[in-house]
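As a plain string of letters, each chain reads:
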Amino acid sequence: MPLTESKYIWMDGEFTPWKEAKIHILSHVVHYGSAVFEGIRCYKTEKGPAIFRLKEHIDRLYFSASIYHMKIPYTKEQLINACKEIVKANGLQECYIRPIVYRGYGEMGVNPLNLPVKVAIAAWVWGPYLGKAKEEGARVIISTWRRFAPDAIPSMAKSSGPYMNNQLAKIEAVERGVDEAIMLDYRGFVSEGTGENIFIIKNNILYTPPLEASILPGITRDSIIKIAKDLKYTVIEKDLTRAELYHADEVFFTGTAAEVTPIVEIDGIKIGNGKPGPITRKLQEIFFKIVKGEEEKYLKWLTYVK
Ligand code: PPE
């Protein structure tokens, strides 16, 4: 899907016209994937656009940067404001926000430490990540590509280079004509989708892989765990086998881009009756109410842009 362009991209403090938001081809990030980033959604509410869990996303961005010894030359407050400003400057009601912290131009070679740390924040309209799957349920495969081990790449950091791993799995899914791929971790337990965390439901209990399974600690994952517990469901973080996936009553993805997306088929095997399950539907419904500011109890998760 081609990008829906907006007017400006925030680049180190400047509102740069979309088409002029460029970097040098010899920037370190281009060659070595040296960047950390975030994906954040902003939703239309009765009180204007509201950004979902902005503080948690900015906290994770700083955490990711610290793992790679990148010192962000702005305070968290400055970047929080910049996220709000870029939504406003573009006149957007509902959008996706992409802050990226990257190593710039100046030297070649793997050593990243002497390069400048630059920051950009874009915002644009991005519809459902997996198209119709949000309503109808996704058909997925388990990729033959494994997720990297924790002593190869820290999955807690949302960093750019490692997404080459995700791309291999995604290519496999596209070639096989399905919506998405699930990766197993280095031990053979379920890890996550190429841009989503995963949950299964069995006998009314929710299960999701733990951090040890090389997952990104997703903010949507955290939100769903809290929402499900508030609804009095038991939620267990534990290693899951592929057989547990195939034989679950319900399976779904969570992610900022993917939001809450049911999974109805894995490797050609139907999950449950092959339709999005009732608990997934219930969680989807409340999630979309929360992000639109319709659930009093969760208003603390919203940052209004005004
Ligand atoms: N795992 C991976 C690998 C991942 O990329 C994401 C987000 C998640 C889990 C869920 O995390 P969270 O968004 O905090 O709930 N993927 C982002 C980028 C997707 C893209 O294609 O770009 C996103 O959803 O914004």
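Residues numbered from 1 in each chain as written. Predicted model: local features only at pLDDT ≥ 70, side-chain atom pairs only at ≥ 80, totals over all residues. Heavy atoms only, no water.

As a further point, take the packing of aromatic side chains. On inspection of all chains with the given rule, the structure shows 11 aromatic pairs. Relative to W126, the ring of W124 lies with its centre 5.8 Å away and its plane at 35 degrees, an arrangement referred to as tilted. Classification of W124 as buried rests on a relative accessible area of 9%. Centre to centre, the rings of F199 and F252 are 5.0 Å apart; their planes meet at 5 degrees, and the pair counts as stacked. Residue F199 is found in strand β11 (residues 197-202), and its partner F252 is found in strand β14 (residues 250-255); the two are separated by 53 residues along the sequence. Each member of the pair, F199 together with F252, is buried. By the ring-pair criterion, three or more aromatic residues cluster together here, those being F52, F287, F288, Y298 and W301. Above the face of the Y129 ring, K170 is positioned so that its terminal group lies 5.8 Å from the ring centre. (Phe/Tyr/Trp six-rings, centres within 6.5 Å; stacked < 30°, edge-to-face > 60°. Buried < 20%, exposed > 50% of the residue type's maximum accessible area, 1.4 Å probe, protein only. Helix = DSSP H or I, 4+ residues; strand = E, 2+ residues; numbered from the N terminus. Lys NZ or Arg CZ within 6 Å of the ring centre and 35° of its normal.)

On to the domain arrangement of the protein chain, then. In terms of domain boundaries, the protein chain breaks down into domain 1 (8-124) and domain 2 (133-291). A separation of 26 Å is found between the C-alpha centroids of domain 1 and domain 2. Contacts between the two partners involve 21 residues from domain 1 and, on the opposite side, 23 residues from domain 2. For the domain 1 and domain 2 pair, buried surface summed over both sides reaches about 1800 Å², with 61% attributable to carbon and sulfur atoms. At the junction of domain 1 with domain 2, the criterion picks out 2 salt bridges. A salt bridge links R41 to E259; the nearest nitrogen and oxygen atoms lie 3.7 Å apart. In this structure, the connection of domain 1 to domain 2 is made through 12 residue pairs in polar contact (both at pLDDT 80 or more). Among the secondary structure elements, those contributing two or more residues to the side of domain 1 that touches domain 2 are β3 (35-37), β4 (40-45), α2 (54-67) and β6 (95-103). (Domains from an automatic or database assignment. Contact = heavy atoms within 4.5 Å. Buried area = accessible area lost by both parts, 1.4 Å probe. Salt bridge = Lys/Arg side-chain N within 4 Å of Asp/Glu carboxyl O. Polar contact = N/O pair within 3.5 Å; in protein donor to acceptor, adjacent residues only side chain to side chain.)

This next bit is on helix α5 (residues 163-175). With 13 residues, α5 should reach 18 Å at 1.5 Å per residue; the first-to-last C-alpha distance of 18 Å fits that figure. Residues of α5 that are buried include every one of N165, N166, A169, E172 and A173, and no others. Projected down its long axis, α5 carries its buried residues within an arc of 120 degrees, all on one side. Exposed and oriented more than 90 degrees from the buried face of α5 are M164, V174 and E175. Once α5 finishes, G177 follows within two positions and takes phi at roughly 75 degrees, a positive value. (Expected span 1.5 Å × (residues − 1). Arc of directions from axis to C-beta.)

Here the focus is the side chain of T256. With respect to the helices and strands, the residue T256 is situated in the loop between β14 and β15 (259-266). Here the side chain of T256 touches G39 through a polar contact of 3.3 Å, landing on its backbone oxygen. Excluding anything up to four places from it in sequence, T256 contacts G39, I40, R41, H57, Y96 and T220.

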